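# Coordinate inspection notes
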Amino acid sequence: MNVQPSASEPAAAAAAVAVPEAAPALDTAGRKDPGPGKGAALAPIVLVVAGGLSVQFGSAVAALLMPKAGALGVVTLRLAAAALVLLVVCRPKLRGHSRADWGTVVAFGVAMGGMNTLFYQALDRIPLGIAVTLEVLGPLALSVFASRRLINLVWAGLALVGVVLLGGGGFDRLDPVGAAYALGAGAMWAAYIVFSARTGRRFPQADGLALAMVVAAVLSLPLGIWESGAKLTVPSTLALGAAVAVLSSVLPYTLELMALRRLPASTFAVMMSLEPAIAATAGFLILNQALSTTDALAIALVIGASMGAVRSQTGARKKG
């Protein structure tokens with residue numbers, strides 16, 4: 001039986017500004033563990049921040065690995081290592097699923113693989129903070145379209161101003177290919193969110209995520225071998241690739257899943273709209289990628305647009 005888009009689809013779009021890896025956990029947002037005291041209320045926020053730091057600093061480590069393994073090689077190492085870990089931890093069942101179930105999880109895996117491949121191609125050409133800022137426009141567009149509210153056109157316009165500022169009025173100071181890859185990664189991120197929500201409804205726990213990760217890893221493998229070949233088998237490269245997988249995939253999955261059991265998806269999304277700022281910080285500390293005042297203002301505009309879009313959509317759902 002085909003599963004049609006339901007009320008949880010807009011909820012996924014509302015959290016679209018979150019880190020990609022967090023999307024499969026959205027179905028757990030309704031399980032609230034109130035917990036006593038301020039410490040219990042603060043704990044999920046700490047988990048979300050830790051997950052964001054892990055993702056972006058993992059991306060910075062990936063940038064350091066690119067000269068050794070290439071952008072496609074890094075993608076292969078990250079997805080393959082993450083797939084192995086998730087298969088061992090989740091042990092997903094292969095039987096008892098319909099053709100539609102498999103179609104959904106394959107589409108999820110394709111979106112995941114495309115998102116990672118395009119993002120790392122962008123990261124190889126433009127600064128981390130700018131790459132994440134451009135990438136987040138895809139989920140932001142999904143949130144705006146899903147809400148169908150005029151106020152969100154204001155947030156979209158604000159984000160557009162930020163993008164124009166990043167490009168210096170014409171992207172003449174940015175690598176246009178890198179910027180295009182980042183925007184493409186954003187489009188795949190939006191597709192990831194949609195298929196993540198559908199996969200979460202069809203598969204128990206994180207089984208669908210584990211299977212989709214395998215699909216993404218298999219798709220990336222030929223590209224990684226073609227670009228890097230034997231470089232992927234160098235012990236130091238394998239070790240860094242495993243570190244990227246843990247920092248950018250496994251650890252954030254776990255932290256965000258734990259956080260979403262206690263934190264509303266809307267609050268989670270607003271917090272994760274700070275992702276470009278975290279990425280810019282990681283790029284500065286690890287990669288020495290300093291941002292100009294204009295870049296910082298542009299990133300702030302996109303962050304503000306993301307937060308505004310999520311808050312306005314959440315308010316509309318409460319009134320409805």
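Coordinates for the structure precede this section.
Residues numbered from 1 in each chain as written. Predicted model: local features only at pLDDT ≥ 70, side-chain atom pairs only at ≥ 80, totals over all residues. Heavy atoms only, no water.

Counting secondary structure elements, the chain contains twelve helices and zero strands. Ordering the α and β elements of the chain from the N terminus gives α-α-α-α-α-α-α-α-α-α-α-α. The contacts in the chain between residues at least 6 apart in sequence include a share of 90% that link residues at least 24 apart. Just so you have it, the chain exposes about 13900 Å², and 68% of that area is on carbon and sulfur atoms. (Helix = DSSP H or I, 4+ residues; strand = E, 2+ residues; numbered from the N terminus. Contact = heavy atoms within 4.5 Å. Areas by Shrake-Rupley, 256 points an atom, 1.4 Å probe, with all protein chains shown as cover.)

Tallied over the entire structure, the rule returns one salt bridge. Between aspartate 101 and arginine 202 there is a salt bridge whose closest N-O contact spans 2.6 Å. With aspartate 101 in helix α3 (residues 99-123) and arginine 202 in helix α7 (residues 176-202), this pair connects stretches of sequence that are 101 residues apart. Comparing aspartate 101 with arginine 202, the two get one shared label, buried. (Salt bridge = Lys/Arg side-chain N within 4 Å of Asp/Glu carboxyl O. Buried < 20%, exposed > 50% of the residue type's maximum accessible area, 1.4 Å probe, protein only.)

Moving on to the side chain of glutamine 121. Tracing the sequence through the fold places glutamine 121 in helix α3. Among the residues examined, glutamine 121 registers a relative accessible area of 11% and is labelled buried. Setting aside chain neighbours within four positions, we find glutamine 121 in contact with Ala71, Leu72 and Tyr181.

Our focus in this paragraph is the nonpolar core. With 63 residues, the main nonpolar core has Met112, Tyr120, Ile126, Leu128, Leu134 and Met213 as its most contacted residues. It is helix α2 (residues 37-90) that contributes the most residues to this core, 16 residues altogether. (Core = buried A, V, L, I, M, F, W, Y, C linked by side-chain atoms within 4.5 Å.)

We describe a pair of aromatic rings using the distance from one ring centre to the other and the angle between the two ring planes. Per the stated rule, a full pass over the model turns up three aromatic pairs. Note on tryptophan 102 and phenylalanine 203: the rings are 6.4 Å apart at their centroids and 70 degrees apart in plane angle, and the pair reads as edge-to-face. Residue tryptophan 102 is located in helix α3, and its partner phenylalanine 203 is located in the loop between α7 and α8 (207-228); the two are separated by 101 residues in the primary sequence. Of the residues examined, tryptophan 102 reaches a relative accessible area of 30% and is grouped as partly exposed. Residue phenylalanine 203 is classed as buried on the basis of its relative accessible area of 3%. Between the aromatic rings of phenylalanine 119 and tyrosine 120, the centroid separation amounts to 5.8 Å while the plane-to-plane angle is 75 degrees, which identifies the pairing as edge-to-face. Like phenylalanine 119, the residue tyrosine 120 is buried in the burial classification. The ring of phenylalanine 195 carries the charged tip of arginine 198 above its face, separated from the ring centre by 5.6 Å. (Phe/Tyr/Trp six-rings, centres within 6.5 Å; stacked < 30°, edge-to-face > 60°. Lys NZ or Arg CZ within 6 Å of the ring centre and 35° of its normal.)

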